[in-house]
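Each chain is listed here by its residues.
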Amino acid sequence: MKFASEFRDPTLAKALLARIAGVADQIGATREKPIHIMEICGGHTHSIFRYGLDKLIHPGVEFIHGPGCPVCVLPMSRVDECVEIAMRPGVIFTTFGDAMRVPGHKMSLMQAKAQGADIRMVYSPLDALELARRNPDREVVFFGLGFETTTPSTALSIQAAAREGLTNFGVFCNHITVPEPIKALLDDPHMVLDGFIGPGHVSMVIGTHPYDFIAQNYGKPIVVAGFEPTDLLQSVLMVLMQIAEGRAAVENQYARVVPENGNPVSLAAIADVYERRPSFEWRGLGEIDASGLRIRPKYRAFDAEEKFGIGYAVGRKAYEEPEGCACGAVMTGRIKPTACPQFGKGCTPDMPLGALMVSSEGACAAYWQYGGSRGMAAG
Amino acid sequence: MEGALALKDRIVTLAHGGGGRAMRDLIETVFTPVFEPPDMEDQARLMDGALQEPGARLAFTTDSFVVTPLEFPGGDIGMIAVCGTVNDLAVGGARPLWLSAAFIIEEGCEVDLLHRVVASMQREADAAGVRIVTGDTKVVGRGAADRLFVTTAGVGVIPPGRDLSAARVRPGDVAIVNGFLGDHGATILAARGDLALSTDLKSDCAALGHLMEAVLAVAPGTACARDATRGGLASALNEIAAAAGVGVVVTEEALPLRDEVRGMCEILGLDPLYLANEGTLVAFVPEAQADAALAAMRSRPEGRNAAIVGRAVSAHPGQVRMATSFGGMRVVDMLVGEQLPRIC
């Protein structure tokens, strides 16, 4: 397949792996004293396991799986609020597919659908907008979820709804931003990260400058990366080279897609529709200052939180995570998925306890699905 | 229907399920003129020479079919209802002989649609060499079904001495598939029309009885075969690995995949190994007979793109792994629930 297979070339990968091994040896990285590199994005986590990069790479390089899977960092209470909205009479609740199975305290959206809620899987908020146009007597709500990658499309759908004067369309906004949780992680005294792989699709929108503080204030290298296996390997090499040369900079491996200053049209749409919340709750990380977006007052008519009097609009309760669930510790890189007492016992993809086991981009699901821990060593 | 009575109603109503004249009209205009040869009564009484051979065994299976949309590029619900049941029999080593067909019709279903479905069922049955010998119709109220559900049951005969079973797969046996993977699943996804993807894809829907006979004729040591329907090739291989207590290794590079399917999976974050097929089977054949089996498949239109995709191994019993084209090795697990497109 054109434009993908080139980036999966085993010969190129071998050469990159050899160069990584050379630099890793040069800086004295070993299995016992590894270099810790956090891939922030769940898409990267998925690629690492899909291609077995964690097993092919020099043992002195250890991947720490970051908080960049929007489904995984969504607190259970937000799922509860989705279910509450979806269960209201007259509502058509629309969502991306992989949010369907995330457990809430009482049920997931999939279970709510089985109980009669009208919940529909869409591929874009523009599909939800079309549903609103076609069903003027129903209230159509889109579950706005994701980082800066998906935020522009929800912003555009709200702008379009305002232009058309639709009164039956709303967004339940859970959009979050990448730089703030990274800052929170870097401020955590228990954190031992040596460098970062930055999410390429986020930077396609925001550019690379929002990460400058990582290099300038914290002295850590970050390389914005693409999603194919050789993209990831090249980015690891670039991080290691910075460490070897005693530098810390923001570098762009994904220049074929990521412009340094991002996408001005998307940024303008985001700025027009959204403003920062004072804080937003992240699963496993707690409330993080200025890490979430809400809909500006001028678009209040499209804000489902306001419309339904739910969530941050009315003051929310913080809930405990389910007992024994270590999603928080996994997400902050303090433990590997397999070190969670519930992994593979009380928590499997069939019966997920925590969100990291639900989405295919979650670290636990990736470990499970691609045998990061099970059986591969024994076989 | 040529020569058939014309039903005056264009849509089915609850009256057509009431047991009276309207129901008789529906059955006699839509179903019996196509399915029921004049020599057969409703309660089929069957005899076949093959049943009387000493050591011959009866094979019996049933399956229900629900699909949205009912008609899609490469097939319709009737076609998969015939092929699915024929294939269930065929992969068990049976020669399919007779089918039943039961229709649950939602009021409001168009009669023309029923005509088309029934015609394609008979066409497929003729091609597969089976007869649809008995059937039933029920009409249910709006919302109690999604336009049309079809259930077929099938009877076939397993010739003496033939014994296909997943438990017979041994390390070293070679896994062969008869064609491209995931065409049906990808076609249905695209045909639902909510993806804004336009493709030239067609369902692989096909009856595989003749193909299985061709394989068994040249590769009598064939251990087992499975049709890779829901859950795709990954699920079929996992079932076989578990039943046989062997490991299975598939080679990513060897998997026959169309570029369109590959591309769609990339866009949506789906894995083609889990996409449904309606005319694809995987057979485990002893290595010495693998070339002959492959050639036999390729000699038939429904096996033109057959390929050896992997083999059974003694390591990691019960587990399927894939040697990736990238040089790594990963586990291919059973699918949990249904595949859901990723957010980004």
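Residues numbered from 1 in each chain as written. Chains lettered and ligands numbered in written order. Predicted model: local features only at pLDDT ≥ 70, side-chain atom pairs only at ≥ 80, totals over all residues.

So what's going on with the sheet that holds strand E7 (residues 195-199) of chain A? Residues and values would help.
Residues and elements named next belong to chain A. If you trace the five strands from one edge of the open sheet to the other, you get E2-E1-E7-E8-E9, paired in parallel fashion. The open sheet has two edge strands, strand E2 (61-68) and strand E9 (250-252), and neither has a second partner. With direction set aside, neighbouring strand axes in the sheet form an average angle of 25 degrees. Relative to E7, strand E1 (residues 35-41) runs parallel, the two sharing three bridges. Bridging across to E7, Ile37 finds its partner in Gly195. Contacting E1, E2, E7 and strand E8 (222-225), helix H2 (residues 42-50) runs over the sheet at an angle of about 120 degrees to E1. (Pairing = 2+ DSSP bridges. Helix = DSSP H or I, 4+ residues; strand = E, 2+ residues; numbered from the N terminus. Axes fitted to C-alpha atoms, helices over the stretch in contact; angles between N-to-C directions. Contact = placed C-beta atoms within 7 Å.)

How would you explain the packing of helix H2 (residues 77-91) of chain B against helix H3 (residues 111-128) of chain B if you had to name every residue and give the values?
Residue and element names in this part refer to chain B. Between H2 and H3, the least distance of the axes is 7 Å, while the angle of their chain directions is 30 degrees. Our classification of the angle between H2 and H3 gives roughly parallel. Crossing of H2 over H3 shows right-handed handedness. Taking contact as the criterion, the partners of Ile77, Gly78, Met79, Ala81, Val82, Cys83 and Val86 in H2 are, on H3, Val117, Val118, Ser120, Met121, Glu124, Ala125 and Ala128. By residue class, the composition of the contact of H2 with H3 is eleven nonpolar, two polar and one charged. (Parallel < 35°, antiparallel > 145°, perpendicular 65-115°, else oblique. Left-handed = near helix turned anticlockwise from the far one by under 90°. Nonpolar A, V, L, I, M, F, W, Y, C, P; charged D, E, K, R; others polar.)

Please provide a residue-by-residue account of the sheet that holds strand E6 (residues 169-175) of chain A, values included.
Residue and element names in this part refer to chain A. Pairing within the open sheet is parallel, and its four strands lie in the order E4-E3-E5-E6. Strands with a single pairing partner mark the edges of an open sheet, and in this sheet they are strand E4 (118-121) and E6. Going across the sheet, the axis of each strand differs from the next one's by a mean of 25 degrees, ignoring polarity. Here strand E5 (residues 139-146) pairs with E6 via seven bridges, running parallel. The residue bridging Phe142 from the neighbouring strand is Val171, located in E6. Against the sheet, helix H4 (residues 76-87) contacts strand E3 (91-95), E4, E5 and E6, and its axis sits at roughly 145 degrees relative to E3.

I'd like to hear about the domain arrangement of chain B, residue by residue, with values.
Residue and element names in this part refer to chain B. When cut into domains, chain B gives domain 1 (14-158) and domain 2 (166-331). Opposite the 24 residues of domain 1 that make contact, domain 2 presents 21 residues. Elements with a minimum of two residues in the side of domain 1 that touches domain 2: H2, strand E4 (95-106) and H3. No other element matches H2, which puts ten residues into the side of domain 1 that touches domain 2. Among the residues forming the side of domain 1 that touches domain 2, the class breakdown is 14 nonpolar, seven polar and three charged. (Domains from an automatic or database assignment.)

So what about helix H12 (residues 264-273) of chain A? Which residues, and what values?
Residues and elements named next belong to chain A. Turning to H12, its buried residues number three or more, namely Ala269, Ile270 and Val273. Within H12, the buried residues cover an arc of 100 degrees as seen down the axis, which keeps them to one side. Counted as exposed and oriented over 90 degrees from the buried face of H12: Pro264, Ala268 and Ala271. For H12, the elements touching its buried residues are helix H7 (151-164), strand E10 (274-276) and strand E13 (293-295). (Buried ≥ 20, exposed ≤ 12 C-beta atoms within 10 Å, placed from the backbone. Arc of directions from axis to C-beta.)

Got a sec to walk through the nonpolar core? Specific residues and values, please.
Residue and element names in this part refer to chain B. Core analysis: the largest hydrophobic core is formed by 224 residues, its most contacted members being Ile176 and Val282. The leading source of residues in this core is H2, at ten residues. Domain assignment of the residues forming this core places at least three in each of domain 1 (14-158) and domain 2 (166-331). Setting aside chain neighbours within four positions, we find Val282 in contact with Ala175, Ile176, Val177, Ala225, Arg226, Ala228, Leu233, Ala236 and Leu237. (Core = buried A, V, L, I, M, F, W, Y, C linked by C-beta atoms within 7 Å.)

Please provide a residue-by-residue account of the pairing of strand E10 (residues 281-285) of chain B, values included.
Residue and element names in this part refer to chain B. Here E10 lies mainly inside the structure; five of its five residues are buried. As paired strands, strand E7 (residues 174-177) and E10 are joined by four bridges and run antiparallel to one another. Within the sheet, the bridge partner assigned to Ile176 lies in E10 and is Ala283. Both strand E8 (residues 224-227) and E10 contribute to a ladder of four bridges, which runs antiparallel. Its bridge partner lying in E10, Arg226 is registered against Val282.

Quick one: what's the story with the pairing of E6(A), residue by residue and with numbers?
Residues in a regular strand point their side chains to alternate faces of the sheet. Residues and elements named next belong to chain A. Most of E6 sits out of view: seven of its seven residues are buried. Side-chain alternation along E6 places Phe169, Val171, Cys173 and His175 on one buried face and Gly170, Phe172 and Asn174 on a second face that is also buried. With H7 bridging E5 and its parallel neighbour E6, the resulting β-α-β unit is right-handed. (Right-handed = clockwise from strand over helix to strand, strands pointing away.)

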